[in-house]
Amino acid sequence: MSGHLTYKQSGVDTIEAQSFVHNIAPHVKRTQKQRQLFNAFGLFAAAYDLSSYKEPVIVTGTDGVGTKTELLFEQDMLETAGKDLVAMNVNDILTTGGDPLLFLDYLGISNLKAETPRITRLVAGMCDYLESCNCILAGGETAEMPGVVPADLVELAGFCIGCVEKSSMIDPSQVAVGDVLIGYGSDGFHANGWSLVRRILAENPGLLTTEELHAALAPTRLYHDVVRDMRSLGITPKAYAHITGGGLPENLERFLGDKGADLEIPYWDNAPAQKVLQFVDAEDRFHTFNMGIGWVAIVRPEQVEQALTAGPGGVVIGTIRAGKGIRVSVSSK
């Protein structure tokens, strides 16, 4: 023994890292069936050729999954965590009217060899969603940080790059009094409000069965089908809103300025969600959760009938009015 240490002895295995990249290659290839990188995957940076766009505008976003990951890991729903990571980023890109082109992930772990099965499943979940919305997994960072990241934890962050034609970019400044809000159903709480959900579950053991908990943990819905259908119908909405933290009021108020709306949303027919909501303040729930509406499109009145055929689950939830403020009520069951 020379007494000299290796990087592996300190807890970081670069050989294992190369093996992991090789293992996820089949998943990466699934995301490059229609779009291709301009150079090979695995170089120091990824490139994408924008020459098919006439006046390309780059749009970017970053997000994570938050404290929902704790329950997802406890319930061994790793693929769902990967889907959530993609959807939270891709949906934000879609609000611009843009195409999600490239996705990158950051995974922080304690030990790569021990975590390879779990993070491979995370990547598989990411690629399920990326493949469905025609977005390339262009690269990422898997950081092995022994002594910094706890052994049972995986840090997650995602980054998405998209592009939109300047002439086709959604312009919320055009929203006018009389425009109509169409809401599209969510598949659950998505990836917001889970600190509150976790506290309620901790204080009320047995509130949800395992089956109900898994239903409540459903991945964030991707709304690329709504945007795709709007385009095919020739409709350019005045605005799109991805309903995340802050619920309907805060996410819509971002772009309404001195205008407002009185919203009436359908009763959320989701048994696990309703069991949780009985413990949540009646007003705060609208500022925390999506309450069954994960996406909103604002269109001109004459476009409503057509727009309701875009993607499944569309329903009129309100009209833009003069006077600031968003007020939300729920239809009777």
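In what follows, the structure referred to is the one given above.
Nothing here was measured: the structure is a model prediction, and the numbers come from that model.

Novice: Explain the sheet that holds strand β8 (residues 293–299) to me, using residue names and the numbers behind them.
Specialist: Spatial ordering of the open sheet is given by β6-β8-β5-β9-β7-β10, a layout of six strands whose pairing is mixed. Each having just a single partner strand, β6 (239–242) and β10 (325–330) make up the two edges of the open sheet. Neighbour-to-neighbour, the strand axes of the sheet open up by a mean angle of 20 degrees, direction not taken into account. Looking at chain direction, strand β7 (residues 259–265) and β10 are connected through six bridges and run parallel. For isoleucine 265, the partnering residue across the bridge sits in β10 and is valine 330. Lying on the sheet, helix α3 (residues 78–94) is in contact with β6 and β8; it crosses β6 at an angle near 165 degrees.

Novice: Run through the nonpolar core, naming residues and quoting values.
Specialist: Core analysis: the biggest nonpolar cluster contains 90 residues, and Met230, Leu252 and Val296 have the highest contact counts within it. For this core, the leading source of residues is α3, giving nine residues. Those residues in contact with leucine 252 that lie beyond four places of it in its chain are Leu181, Ala241, Leu263, Val296 and Ile326. Counting seven residues, the second largest nonpolar core, distinct from the first, contains Leu37, Tyr53, Ala138 and Cys163.

Novice: An account of the pattern of salt bridges is requested, with residue identities and associated values reported.
Specialist: Here the structure, examined in full by the defined rule, presents 18 salt bridges. Notably, a salt bridge pairs arginine 30 with aspartate 128, separated by 2.9 Å at the nearest N-O pair. Pair noted here: arginine 30 is in helix α1 (residues 14–30) and aspartate 128 is in helix α4 (residues 112–132), with a separation of 98 residues, a long-range link. Each of Arg30, Lys33, Asp128 and Glu131 takes part in salt bridges that share partners, so that together they form one network.

Novice: Please set out the side chain of glutamate 115 residue by residue, giving values where relevant.
Specialist: Looking at the secondary structure, you find glutamate 115 in helix α4. Setting aside its immediate chain neighbours within four residues, glutamate 115 contacts Ile109, Ala151 and Val154.

Novice: How would you sum up the environment of asparagine 89? Please name residues and give values.
Specialist: You can see asparagine 89 is positioned in helix α3. Sequence separation between asparagine 89 and glutamate 79 is ten residues, and the spatial gap between their C-alpha atoms is 16 Å. With sequence-adjacent residues up to four places away left out, asparagine 89 is seen in contact with Gly61, Thr62, Asp63, Phe103, Gly158, Phe159 and Cys160.

Novice: Give a description of the packing of α3 against α4 that names residues and reports values.
Specialist: Packing of α3 against α4 leaves a shortest axis separation of 7 Å and a crossing angle of 45 degrees. Our classification of the angle between α3 and α4 gives oblique. Relative to α4, α3 is oriented so that their crossing is right-handed. Here Leu78, Glu79, Ala81, Gly82, Lys83, Leu85, Val86 and Ala87 of α3 come into contact with α4, specifically with Arg118, Arg121, Leu122, Gly125, Met126, Asp128, Tyr129 and Leu130. Its residues placed into classes, the contact of α3 with α4 shows nine nonpolar, two polar and five charged.

Novice: So what about the sheet that holds strand β1 (residues 56–63)? Which residues, and what values?
Specialist: Strand order in the open sheet formed by four strands is β1-β4-β2-β3, and the pairing between neighbours is mixed. Each end of this open sheet is capped by a strand with a single partner; those strands are β1 and β3 (136–144). The average undirected angle you get between the axes of adjacent strands in this sheet is 15 degrees. Where strand β2 (residues 99–109) lies against strand β4 (residues 155–165), nine bridges are found, and the strand directions are antiparallel. Residue pairing across strands places leucine 107 opposite leucine 156, the latter belonging to β4. Across the face of the sheet, α4 comes into contact with β2, β3 and β4 while running at roughly 165 degrees to β2.

Definitions and cut-offs
Residues numbered from 1 in each chain as written. Predicted model: local features only at pLDDT ≥ 70, side-chain atom pairs only at ≥ 80, totals over all residues. Heavy atoms only, no water. Pairing = 2+ DSSP bridges. Helix = DSSP H or I, 4+ residues; strand = E, 2+ residues; numbered from the N terminus. Axes fitted to C-alpha atoms, helices over the stretch in contact; angles between N-to-C directions. Contact = heavy atoms within 4.5 Å. Core = buried A, V, L, I, M, F, W, Y, C linked by side-chain atoms within 4.5 Å. Buried < 20%, exposed > 50% of the residue type's maximum accessible area, 1.4 Å probe, protein only. Salt bridge = Lys/Arg side-chain N within 4 Å of Asp/Glu carboxyl O. Parallel < 35°, antiparallel > 145°, perpendicular 65-115°, else oblique. Left-handed = near helix turned anticlockwise from the far one by under 90°. Nonpolar A, V, L, I, M, F, W, Y, C, P; charged D, E, K, R; others polar.

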